[in-house]
Amino acid sequence: MQNKNNAPIFVLRIVAIIVGVALYKQFDFKTMQFEKPALAAVYAITFLFSIYVIIKDFRKKRSEK
């Protein structure tokens, strides 16, 4: 029986890509600061959470094999 947890992981990968790009665009490399620090903090928390869940799922699938 296949693992039906693939859809949320796929969505989290998309979210990580979108939020990572948005976080990159918010950063000003000349001044080394974010344009909107509060929004950047929300983006960073969301990005780190999605990466954490993706890695956790990857390790779980790897240990099952």
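Since we're looking at a predicted model, the values are computed, not measured.

A. Expanded view of the packing of aromatic side chains. A complete count under the given rule lists three aromatic pairs for this structure. Geometrically, the ring pair formed by tyrosine 24 and phenylalanine 29 is tilted, given 5.6 Å between the ring centres and 55 degrees between the ring planes. Relative accessible area serves as the criterion here: at 56%, tyrosine 24 is assigned to the exposed category. A relative accessible area of 48% places phenylalanine 29 in the partly exposed class. Between phenylalanine 27 and phenylalanine 29, the aromatic rings sit 4.8 Å apart at their centres with planes inclined by 80 degrees, giving edge-to-face as the arrangement.

B. Examining unusual backbone geometry more closely. Although it is not a glycine, methionine 32 adopts a positive phi angle of roughly 60 degrees. The residue methionine 32 is located in the loop between strand 1 (27-28) and strand 2 (33-34) in this model. What makes methionine 32 exposed here is its relative accessible area of 55%.

Rules behind the numbers
- Counting starts from 1 at the beginning of each chain's written sequence and moves along it residue by residue.
- With pLDDT at 70 or above as the cut-off, local features in this predicted model cover only qualifying residues; side-chain atom pairs require 80 or more to be listed or tallied, and sums for whole chains, interfaces and linings still use all residues.
- Excluding hydrogens and water, the side-chain values take into account all heavy atoms of the structure.
- Pairing of aromatic rings covers Phe, Tyr and Trp, the last counted by its six-membered ring, and requires centre-to-centre distances within 6.5 Å; plane angles under 30 degrees mean stacked, over 60 mean edge-to-face, and any other angle means tilted.
- Only protein chains enter the accessibility calculation, which uses a 1.4 Å probe; a residue whose area is less than 20% of its type maximum is buried, one above 50% is exposed, and one in between is partly exposed.
- Going along the chain from the N terminus, every DSSP run of H or I of four or more residues is numbered as a helix, and every run of E of two or more is numbered as a strand.

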